[in-house]
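# Breakdown of the fold
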Amino acid sequence: MSAKRKSTIYKVVTAAVLAIIAVAPWLVTSEYMVHIGTLILLWAFVSTAWAYMARFGLVSLGHGVFLGIGAYIPVLLFNYYGISPWLGMLAGVAAAVLVAAILGYSCFRFGLIGDYFALVTLAMAEVVSLAIVACREVTGGSLGCTLKTSVGWASLQFDDKRYFYYIIFAFLLLALYIWRLIDKSRMRIALTAIEESELAASSMGVSIIRYKMGITLLSAGLTAMGGVLYAQYVTYINPGTISGVGVSLSTCFKAILGGMFNIFGPLAGSAIMVSLEEYFRISFDTGFLGVSEIIFGGVLLVMIIFLPKGIVGSVSEWLTKRFGVARS
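Owing to the predicted nature of the structure, the values given are computational and were not obtained by experimental measurement.

### Quick look at the packing of helix α2 (residues 31-54) against helix α12 (residues 244-258)
- It is the contact of α2 with α12, at a shortest axis distance of 9 Å, that shows an interaxial angle of 85°. On the basis of their axis angle, the class for α2 and α12 is roughly perpendicular. On the side of α2, the interface is formed by W43, V46, S47 and W50, while α12 contributes V247, T251, C252, K254, A255 and I256.
- Of the residues assigned to the contact of α2 with α12, the class counts are seven nonpolar, two polar and one charged.

Next comes the structure, spelled out in structure tokens:
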């Protein structure tokens, strides 16, 4: 099969998937199903942002840092000072990017890579979560914080869940578009070279810190945007659901499950995880909470060992070998 035909088939399949997502809210009559779809798109957006770094060997286990900052700053600014979420959004993303710049530069400047980088980000996630709890008079501590109700575009709150569905879908499309831009840019070549050998890449004139910082800031900014969208949609946040180690690892798992090297991997992983979490929540109520992390952790180990490219990546690779019609 010719490369041109493969490309055509891939584009048709992609367009079909996106078209189904676009019309889905009008095909279901239940608001609950629209809610689940919105959560899937939201976590797909966040997981895609995380995969920007991970697919080049920069595995962060602390993206809850940026989610938490992106969620809390707009909520607190709106609740205490009445500042529009649109301005709070900019403040939250800017603050997350600043933290990412400090954290990233500190790690990259002193050569922290691999497991050491992952552990630093993991520790940072817990620090931010504990800081939110410690500032309970402002943030509400472990009890969380509820966003004041004010329906309308000015406050970015809506009664109809379909508004948020399409807003988040638009951001997901933006994230996928940026993924494609990265793949077609010098950044991908440089980061791939850096992942293979920093010494060799440096000897070829590649700016190690520059490219690592670039992808880190981009990932952090979009992740913080995901935190903003989560807070505005759910209207309630606490350290356990939007910051800390738990949500950080959950974000990683969604991308790894679907396939962090495939553009639609995080979307597939988010769809599976959100659906399973909701099913177990309804079926077992609070009885499932104590063992959920153990089950998901075990599945993660199995995925890493037997399906390192994730579900979408592995299926795509099999189809390529079998029929020559898929592309990652």
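### Considerations on helix α10 (residues 208-234)
- Its 27 residues give α10 an end-to-end C-alpha distance of 39 Å, which sits within 8% of 39 Å, the value for a rise of 1.5 Å per residue.
- In terms of residue burial, α10 counts as a mostly covered element, since 21 of its 27 residues are buried.
- Following α10 by one or two positions, T235 adopts a phi angle in the positive range, close to 65°.

### Description of the nonpolar core
- L41, F45, W50, Y52, L229, I237 and L267 are the most contacted members of the largest nonpolar core, which has 83 residues in total.
- Element by element, the count of residues in this core is highest for α2, at 16 residues.
- Here W50 is in contact with V59, S60, H63, S219, T223, T251, C252, A255, I256 and M260, once residues within four sequence places are set aside.

### Description of the pattern of salt bridges
- Counted under the stated rule, the structure contains four salt bridges.
- The residue D160 makes a salt bridge to R162 at a minimum N-O spacing of 3.2 Å.
- Judged by relative accessible area, D160 falls into the partly exposed class, the value being 26%.
- Residue D183 is joined to R180 by a salt bridge in which the shortest nitrogen-to-oxygen separation is 3.6 Å. Pair noted here: D183 and R180 are both in helix α7 (residues 161-183), with a separation of three residues, about one helical turn.

### Focus: the packing of aromatic side chains
- Overall, the coordinates contain 10 aromatic pairs when judged by the stated rule.
- When the ring of Y165 is compared with that of Y166, the centres are 5.3 Å apart and the planes differ by 80°; the resulting orientation is edge-to-face.
- On the basis of relative accessibility, which here comes to 27%, the residue Y166 falls in the partly exposed class.
- Three or more aromatic residues joined by ring pairs form one cluster here, namely W153, F158, Y163, F164 and Y233.
- In this structure, R210 packs its charged tip against the face of Y211, placed 5.1 Å from the ring centre.
- The ring of W43 carries K254 above its face, with NZ or CZ at 5.1 Å from the centroid.

Parameters at a glance
- Within any chain, residue numbers begin from 1 and follow the written order of that chain's sequence.
- This being a predicted model, a pLDDT of at least 70 is required before a residue's local features are given, and a value of 80 or more before pairs of side-chain atoms are given or counted; all residues contribute to the totals for chains, interfaces and linings.
- Excluded from the side-chain calculation are hydrogens and water; included are all heavy atoms of the structure.
- Fitted lines through C-alpha atoms give the axes, limited to the stretch in contact for helices. The angle between two N-to-C directions lies from 0 to 180 degrees.
- Put simply, DSSP marks the helices as runs of H or I at least four residues long and the strands as runs of E at least two long, and each gets a number from the N terminus on.
- By the definition adopted for this analysis, an angle is roughly parallel if under 35 degrees, roughly antiparallel if over 145, roughly perpendicular if from 65 to 115, and oblique otherwise.
- Only heavy atoms enter the contact rule, under which two residues are in contact if any of them lie within 4.5 Å.
- Under the convention adopted here, Pro, Cys and the residues Ala, Val, Leu, Ile, Met, Phe, Trp and Tyr are nonpolar, Asp, Glu, Lys and Arg are charged, and Gly plus all remaining residues are polar.
- By definition here, a helix of n residues has an expected span of 1.5 Å times n minus one.
- Any residue under 20% of the maximum accessible area for its type is buried, any over 50% is exposed, and the rest in between are partly exposed; the area is computed with a 1.4 Å probe on protein chains only.
- The set of buried Ala, Val, Leu, Ile, Met, Phe, Trp, Tyr and Cys residues whose side-chain atoms join them within 4.5 Å is what this entry labels a nonpolar core.
- Should a side-chain nitrogen of Lys or Arg be within 4 Å of a carboxyl oxygen of Asp or Glu, the pair is scored as a salt bridge.
- Aromatic pairs are defined between Phe, Tyr and Trp rings, using the six-membered ring for Trp, whenever the two ring centres lie within 6.5 Å; interplanar angles under 30 degrees are classed as stacked, those over 60 as edge-to-face, and all others as tilted.
- To sit over a ring, a charge needs its Lys NZ or Arg CZ within 6 Å of the ring centre and within 35 degrees of the ring normal.

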